[in-house]
Amino acid sequence: MLVSDNLGVNEKGNLTIGGMDTVELANDFGTPLYVMDEEKIVESCRKFKSSMDKFYNGNGMVCYASKAFCCKEMCRIMAKEGMGLDVVSEGELFTAISAGFPTDKICFHGNNKTDSELTLALSYGVGRIVVDNLEELKRLSELAGKLHKKSNIMLRIKPGIDAHTHSFIMTGQIDSKFGFALETGEAFEAVKLSCESENVTLKGLHCHIGSQIFELEPFCAAAEVMLKFIAKIKNELGFEIDDLDLGGGFGIKYVEDNKPLPYEVYMEKVSERVKSCCDELKVKMPYIIIEPGRSIAAPAGITLYKIGSVKEIPGVRNYVSVDGGMCDNPRYILYQSEYDFEIANKASKAKDYKCTVAGKCCESGDLLGKDIMLQNPQAGDTLAVLATGAYNYSMASNYNRISRPPVVMISGGKARVIVKRESLEDLIKNDV
Ligand SMILES: *Cc1c(COP(=O)(O)O)cnc(C)c1O
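Since this is a predicted model, take the numbers as computed values, not measurements.

I'm lost on the sheet that holds strand S3 (residues 20–21) in this one. Help?
Sheet strands line up and pair through hydrogen bonds in the backbone, either parallel or antiparallel. The 3 strands are arranged S1-S2-S3 in an open sheet whose pairing can be described as antiparallel. Looking at which strands have only one partner, the edges of the open sheet turn out to be strand S1 (7–9) and S3. Pairing analysis gives 2 bridges linking strand S2 (residues 15–17) to S3, with the strands arranged antiparallel. The residue of S3 that forms the bridge with isoleucine 17 is methionine 20.

Would you take a moment to explain the pairing of strand S17 (residues 317–322) for this structure?
Two faces belong to every sheet, and in a regular strand the side chains alternate between them. Here S17 shows a clear split, with Asn318, Val320 and Val322 buried on one side and none of Arg317, Tyr319 and Ser321 buried on the other. Linking two consecutive strands that pair antiparallel, namely strand S16 (residues 301–313) and S17, is a turn of 3 residues; a positive phi of about 75° is found at glycine 315 within it. Here S17 runs beside strand S19 (residues 353–358); their pairing, made up of 3 bridges, is parallel. Of the residues in S19, the one forming a bridge with valine 320 is valine 357.

How should the nonpolar core be read in this particular structure?
Burial of nonpolar side chains together is a common tendency in soluble globular proteins. With 130 residues, the main nonpolar core has Ile41, Tyr64, Phe69, Met78, Leu155, Leu205 and Leu383 as its most contacted residues. With 12 residues, helix H8 (residues 217–237) is the single largest residue contributor to this core. Summarising the domain contributions, this core has at least three residues from each of domain 1 (7–37 + 299–428) and domain 2 (109–292). Dropping the residues within four chain positions of it, leucine 205 is found in contact with Met154, Leu155, Ile157, Val191, Met226, Phe229, Ile230, Ile233, Ile241, Asp243, Leu244 and Asp245.

Sorry, what's going on with the domain arrangement of the protein chain here?
How large an interface is tends to be reported as the accessible area lost when its parts come together. Domain boundaries assigned for the protein chain yield domain 1 (7–37 + 299–428) and domain 2 (109–292). Facing 6 residues of domain 1, the contacting portion of domain 2 comprises 5 residues. For the pair domain 1 and domain 2, the two sides together bury roughly 540 Å², of which 59% comes from carbon and sulfur. Broken down residue by residue, the surface that domain 1 buries against domain 2 is led by Pro299, Glu338 and Ala387, which jointly contribute 57%. On the surface where domain 1 and domain 2 come into contact, there are 0 salt bridges.

Looking at this model, I keep getting lost on a nonpolar patch on the surface. Mind explaining?
On the surface, a nonpolar cluster with roughly 280 Å² of combined accessible area is contributed by Ile333, Leu334 and Tyr335. The topology assignment puts tyrosine 335 in helix H11 (residues 331–335). Classification of tyrosine 335 by relative accessible area gives partly exposed; the value is 47%.

Sorry if this is basic, but what is going on with the environment of lysine 414 here?
Note on placement: lysine 414 falls in strand S23 (residues 414–419). The exposed category is assigned to lysine 414, whose relative accessible area is 62%. On a C-alpha basis, the gap between lysine 414 and leucine 143 in space is 46 Å, while along the polypeptide they are 271 residues apart. Apart from residues no more than four positions distant in its own chain, lysine 414 is found in contact with Met20 and Met409.

Just checking my understanding: could you explain the pattern of salt bridges for this structure?
Where side chains of opposite charge bring their charged atoms close, a pairing between them can arise. Tallied over the full model, the rule gives 27 salt bridges. Where lysine 284 meets aspartate 242, a salt bridge forms, and the shortest distance between an N and an O atom there is 2.7 Å. With lysine 284 in the loop between helix H9 (263–281) and strand S15 (287–290) and aspartate 242 in the loop between H8 and strand S14 (243–245), the pair connects residues that are 42 residues apart, well separated along the chain. The exposure class of lysine 284 is partly exposed, given its relative accessible area of 37%. Since its relative accessible area comes to 27%, aspartate 242 is described here as partly exposed. The partner of aspartate 431 in a salt bridge is arginine 401, with the nearest N and O atoms 2.8 Å apart.

Just to check I follow, could you spell out the packing of helix H5 (residues 115–123) against helix H6 (residues 134–146) for this structure?
One way to put it is that H5 packs onto H6 with a least axis distance of 10 Å and a crossing angle of 50°. Viewed along their axes, H5 and H6 adopt a mutual orientation that is oblique. Between H5 and H6 the crossing geometry is right-handed. Contacts between H5 and H6 pair Asp115, Leu118, Thr119 and Leu122 from the former with Glu136, Arg139, Leu140, Leu143 and Ala144 from the latter. Its residues placed into classes, the contact of H5 with H6 shows 5 nonpolar, 1 polar and 3 charged.

Got a minute to help me understand the site of the ligand in this structure?
Near the ligand there are 15 residues, and of these Lys67, Ser211, Glu291, Arg294 and Tyr391 occur at the shortest range. Residue glycine 293 places a main-chain N or O atom 2.9 Å away from an oxygen atom belonging to the ligand. Between the ligand and the protein, one listed contact pairs an oxygen atom with a backbone N or O atom of arginine 294 at 2.7 Å. When the free accessible area of the ligand is taken as 380 Å², the share hidden by the protein chains comes to 93%. For the shell around the ligand, the residue count by class is 3 nonpolar, 7 polar and 5 charged.

Rules and cut-offs
- Residues numbered from 1 in each chain as written.
- Predicted model: local features only at pLDDT ≥ 70, side-chain atom pairs only at ≥ 80, totals over all residues.
- Heavy atoms only, no water.
- Pairing = 2+ DSSP bridges.
- Helix = DSSP H or I, 4+ residues; strand = E, 2+ residues; numbered from the N terminus.
- Buried < 20%, exposed > 50% of the residue type's maximum accessible area, 1.4 Å probe, protein only.
- Core = buried A, V, L, I, M, F, W, Y, C linked by side-chain atoms within 4.5 Å.
- Domains from an automatic or database assignment.
- Contact = heavy atoms within 4.5 Å.
- Buried area = accessible area lost by both parts, 1.4 Å probe.
- Salt bridge = Lys/Arg side-chain N within 4 Å of Asp/Glu carboxyl O.
- Patch = residues over 30% accessible without salt bridge, like charges linked within 9 Å, V, L, I, M, F, W, Y side chains within 5 Å.
- Areas by Shrake-Rupley, 256 points an atom, 1.4 Å probe, with all protein chains shown as cover.
- Axes fitted to C-alpha atoms, helices over the stretch in contact; angles between N-to-C directions.
- Parallel < 35°, antiparallel > 145°, perpendicular 65-115°, else oblique.
- Left-handed = near helix turned anticlockwise from the far one by under 90°.
- Nonpolar A, V, L, I, M, F, W, Y, C, P; charged D, E, K, R; others polar.
- Near = heavy atom within 4 Å.
- Polar contact = N/O pair within 3.5 Å; in protein donor to acceptor, adjacent residues only side chain to side chain.

Next up, the structure:
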């Protein structure tokens, strides 16, 4: 079983994505190559949006977290699908602006936004700036004053829920660089200061409890904690919060063991919890924002490489080396992330050869996967790594002065380059 339903095997025994032969794609565009499937991206966006309509009367916004995969064409697709957009830097913001993305539907995150970033956001009328700390609140208010703007803000709250593990824990004190803590009273202080600050309007509260989460309860628990805080603000300050942003983090299937829930289920269960909490706490139903990143981009993408050599070290390990590595996918060296692999030109064959897939960078840790089962890999074969649509291109680097691969978007049986391969000239263009 292949990890994404847009993948298949054709009559030649070659791996396909969106019905297109990956061996032909590798031949036509060269390797390494990122391939993204537009229909899969659109399908995921629509699932999130329709669940917001179905279970929460459409009283909310689905914001794609662009850090998962950001380029102009992706921003255009998100705009066309009526999605909101999260950005975390002026680079991501500038990309969105350059693609003509409607800035009122942008949320600007980050724990240390610079003056230049805040100025860009204010000048372009970014819809919501998510304030992380008191220094930022003060700077933002001053900058907005200078520019004669008034900014809608949300406050990033640490709800005291840590879902980074397979189970989740609720702790008193969460060690995180992001946001205001609830239990110390810091968050409540920030709300008071926001209400008093000139040039900013407190619109909402935000939390994001982690990534690649497969359970429902952490999301529901976070919603509950946040609504209790909203009730406290209403009761003690007489101020009603409009927006509740519950972040992203919905898990995806990288390998067979991963068992993600259908995305619709999150909205269904979270909506139920929000409704019951609002009734109980006597607060109005908030406008809800969710921020899926990985779940929209990852299943839509694969990376294609050429195998250059197979090195057998008897009794030790077999190394299969490809023409990319940590420079285009640093997730293994960062987190020992798991992926599923296929020899694209032997996809119908049995996986009976155990090996470690290595990149070409000068780091022993530059691997894409350890102890992987593959279909008799040989030099010249095309290797596909699956579900690489998120946090691969966006995390790529030029380590070893390796050019970043191009991104090809496929749709309706056609392929188009949406990010060009970096040339050698590109690599030295800022050198003096
Ligand atoms: C990273 C991030 C997301 C997206 O997380 P995914 O796991 O990719 O869904 C959403 N919101 C915020 C604030 C984030 O930092």
